[in-house]
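Structure at a glance
In case you want the letters, here they are:
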Amino acid sequence: MKLWGGRFESGPSEVFERFSGSLHFDKRLIDADIRGSQAFARALERVGILTSEELQQLLAAFDAIREEAKDPAFFQGANDEDVHTLVIRKLKERVGGLADKIHTGRSRNEQVSLDTRLWLREKIDRSRGLLLDFMGSLLAMARKYPDAVVPGYTHLRRAQAVLWPHYLLAYFEMFDRDRERLDQARARVNRMPLGSGALAGSGFPFDREAIARELGFDGLTRNSMDVSADRDFALDFLSAASMILLHLSRFAEDWILYSSEEFGWLELGDDVTSGSSLMPQKKNPDSLELIRGKVGRVFGSYTSLFLTMKGLPLTYNRDMQEDKEPLFDAADQLAGSLEMARAVVDSAQLRVEKPAAAAEESWVVATDLAEALARNGTPFHKAHQIVGRLVLESVRSGKAPAQWTPEELTAFAPEFTPEMAKLLRPQEGMKTREIAGGTGPKAVSRALEEAEARLASLRL
Ligand code: ARG
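First things first, this report covers the structure right here in the doc. Predicted model only: the values in this text are computed from it and were never measured.

Attention now moves to a nonpolar patch on the surface. A contiguous nonpolar patch, built from Leu199, Met225 and Leu314 and spanning about 280 Å² of accessible area, is present on the exposed surface. Tracing the sequence through the fold places Leu314 in the loop between α11 (286-309) and α12 (324-347). Overall, Leu314 belongs to the exposed group, its relative accessible area being 65%.

Given below as structure tokens:
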């Protein structure tokens, strides 16, 4: 079926129909399309286009179509131009000529904006929930290993010791900013566009506020041309989704490394790893590798729609139908990746002795020593120099930090005091970093409590 045709002497070619039809992907909007159409039917009744009997008849028909559409056979053989056309054809099959009134004063341009917003709002809410669940798993793991010491890295070289919860909280903060970005995207998505018509505003005095209330929108779009032209609400979501996948990819990379034989810190569950078809010993982190890989796909969706929109003249152009596949795919990949990431964290064990040994055998305590000298009156550059020489000497003689006795230390440089020798253990140096945001044990314990409280309040 077509929603147009009077002006044409012959119909579209098979190749054009095949090329331009969107039903095979925009059928995912069918629930949103029906909800929106029901709200629109009520608006039509309020302005006197439909009688209340007609309205009841249409609402019931829409309900029946929604039910029928749950069966995949519903879409079989349908060759309507898009989901909006399909729904109207089904309506005609049920209520005959009355269906011809449903599109009074409405354009598919605003309808597609409405449907996409309704669909996307739901996906954002689901992903937000999955994101919070994942963040909860990070905090649960932090609780499980409150005192575990690990080397923190810069340049992938051991830098300074941190608590494992401090490391996990770093990701918690990234993902909480991502949650904020999702909330901001949702606020822009959640504006009601109906009443805009094709581009100039509808010729009927619909109560837009009433439609918005009925569909759970927070407010109205303000300009009809903007509605037909804009997809930045979708781009906002894709941008937020890309950032989440970016953060997930870094997390995945860390954990792929940390669970390798070379690091040996993390043991991943059998339920989230796979074997090799040839090498019997393998336990591969495919779940994390896929999560790491998804950022390419999701960011690809973002750039895809971004470039589709670039330079389009106002207002609607059919190019914009290309918004849906990237948007749908990104929403699916985001939800899947968050679910997977959570399962990986829940499955993981930290072998605390491994990173602790890595911290102890390296010179992650060097900064602690230099700062202790500075606290005692040695100018920092000089202190840096002294500790640098201590490290060089240790590397030459194959000596681990803890092998230095207090006597040897003071003999090495008179600036050292015997008490400073305790800083040769990473746990001690961390205690000097109780500054807010630092890895001092008390600071981390406070930060963890604060994060737990924040997460609980976000779930409300
Ligand atoms: N399937 C179309 C889309 O997604 C619906 C809008 C069609 N509007 C039009 N003027 N051809 O963009």
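For the rest of this paragraph, the subject is the pairing of strand β1 (residues 149-154). The pairing of β1 with strand β2 (residues 157-163) spans 6 bridges and is classified as antiparallel. When the sheet's bridge partners are listed, Thr154 is paired in β2 with Arg157. Hairpin connection from β1 to β2: 2 residues lie between these consecutive antiparallel strands, with His155 at a positive phi of about 55°.

Within the secondary structure, Met225 sits in helix α9 (residues 224-229). Spatially, the C-alpha atoms of Met225 and Lys90 are 30 Å apart, while their sequence positions differ by 135 residues. Excluding residues within four positions of it along the chain, Met225 makes contact with Leu199 and Thr315.

The final tally for this structure, using the stated rule, is 24 aromatic pairs. Between Phe263 and Trp265, the aromatic rings sit 5.5 Å apart at their centres with planes inclined by 70°, giving edge-to-face as the arrangement. On the accessibility criterion, Trp265 (2% relative accessible area) is buried. Against the face of Trp4 rests Lys2, its NZ or CZ located 5.9 Å from the ring centre. Directly above the aromatic system of Phe74 lies the positively charged group of Lys90, at a separation of 4.5 Å from the ring centroid.

Thresholds, definitions, all that
- Residues numbered from 1 in each chain as written.
- Predicted model: local features only at pLDDT ≥ 70, side-chain atom pairs only at ≥ 80, totals over all residues.
- Heavy atoms only, no water.
- Patch = residues over 30% accessible without salt bridge, like charges linked within 9 Å, V, L, I, M, F, W, Y side chains within 5 Å.
- Areas by Shrake-Rupley, 256 points an atom, 1.4 Å probe, with all protein chains shown as cover.
- Salt bridge = Lys/Arg side-chain N within 4 Å of Asp/Glu carboxyl O.
- Helix = DSSP H or I, 4+ residues; strand = E, 2+ residues; numbered from the N terminus.
- Buried < 20%, exposed > 50% of the residue type's maximum accessible area, 1.4 Å probe, protein only.
- Pairing = 2+ DSSP bridges.
- Contact = heavy atoms within 4.5 Å.
- Phe/Tyr/Trp six-rings, centres within 6.5 Å; stacked < 30°, edge-to-face > 60°.
- Lys NZ or Arg CZ within 6 Å of the ring centre and 35° of its normal.

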